[in-house]
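# What the coordinates show
Letter by letter, the chains look like this.
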Amino acid sequence: LAENLSVEVLAARAGMTPRTFARFFVRETGTTPAAYVEELRVEAAQRLLETSDLTVAAVAGRVGIKHPETLHRAFRRRVGTTPDRYRQHFSRRAS
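The sections below set out a description of the structure shown in this document. (Residues numbered from 1 in each chain as written. Predicted model: local features only at pLDDT ≥ 70, side-chain atom pairs only at ≥ 80, totals over all residues. Heavy atoms only, no water.)

The next subject is the overall build of the protein. On a plain count of helices and strands, the protein comes out with six helices and zero strands. Shown N-terminal to C-terminal, the secondary structure of the protein runs as helices and strands in the order α-α-α-α-α-α. In terms of overall dimensions, the protein has C-alpha extents of about 50 × 20 × 20 Å along its principal axes. Positive and negative charge centroids in the protein, built from 16 and 10 side chains respectively, lie 2 Å apart. (Helix = DSSP H or I, 4+ residues; strand = E, 2+ residues; numbered from the N terminus. Lys, Arg positive; Asp, Glu negative; His and termini not counted. Charge placed at Lys NZ, Arg CZ, Asp CG, Glu CD.)

Laid out in structure tokens, this is it:
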């Protein structure tokens, strides 16, 4: 997930043009490639927040998001809370 997963990169891997790849992706999954990648990254961030002491900035970097603010916005959009609040409620770390 930390790699560049833009439509252009994914399309090249699939041997398609970006437009064709995006159309096929939406038709097969019901969502855009960007939304799908964001969902995967937020899910990975959730696991890291539950199981590690990494800072939110470090979690963002590990899941392929350059800026912690971007993770914060995506997290709020997808999970309905902030990464810090999520960690407070769902951390599995030994206290």
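That shown, we press on.
Before going further, it helps to spend a moment on the pattern of salt bridges. Here the structure, examined in full by the defined rule, presents four salt bridges. A salt bridge links Glu38 to Arg78, with the nearest nitrogen and oxygen atoms 2.8 Å apart. Of this pair, Glu38 sits in helix α3 (residues 33-51) while Arg78 is found in helix α5 (residues 68-79), placing the two residues 40 residues apart along the sequence. Judged by its relative accessible area of 34%, Arg78 falls in the partly exposed class. With a shortest N-O distance of 2.9 Å, Glu39 and Arg78 are connected by a salt bridge. Taken together, the residues Glu39 in helix α3 and Arg78 in helix α5 connect sequence positions 39 residues apart. Bridged by salt links that share partners, the residues Glu38, Glu39, Arg77 and Arg78 form one connected network. (Salt bridge = Lys/Arg side-chain N within 4 Å of Asp/Glu carboxyl O. Buried < 20%, exposed > 50% of the residue type's maximum accessible area, 1.4 Å probe, protein only.)

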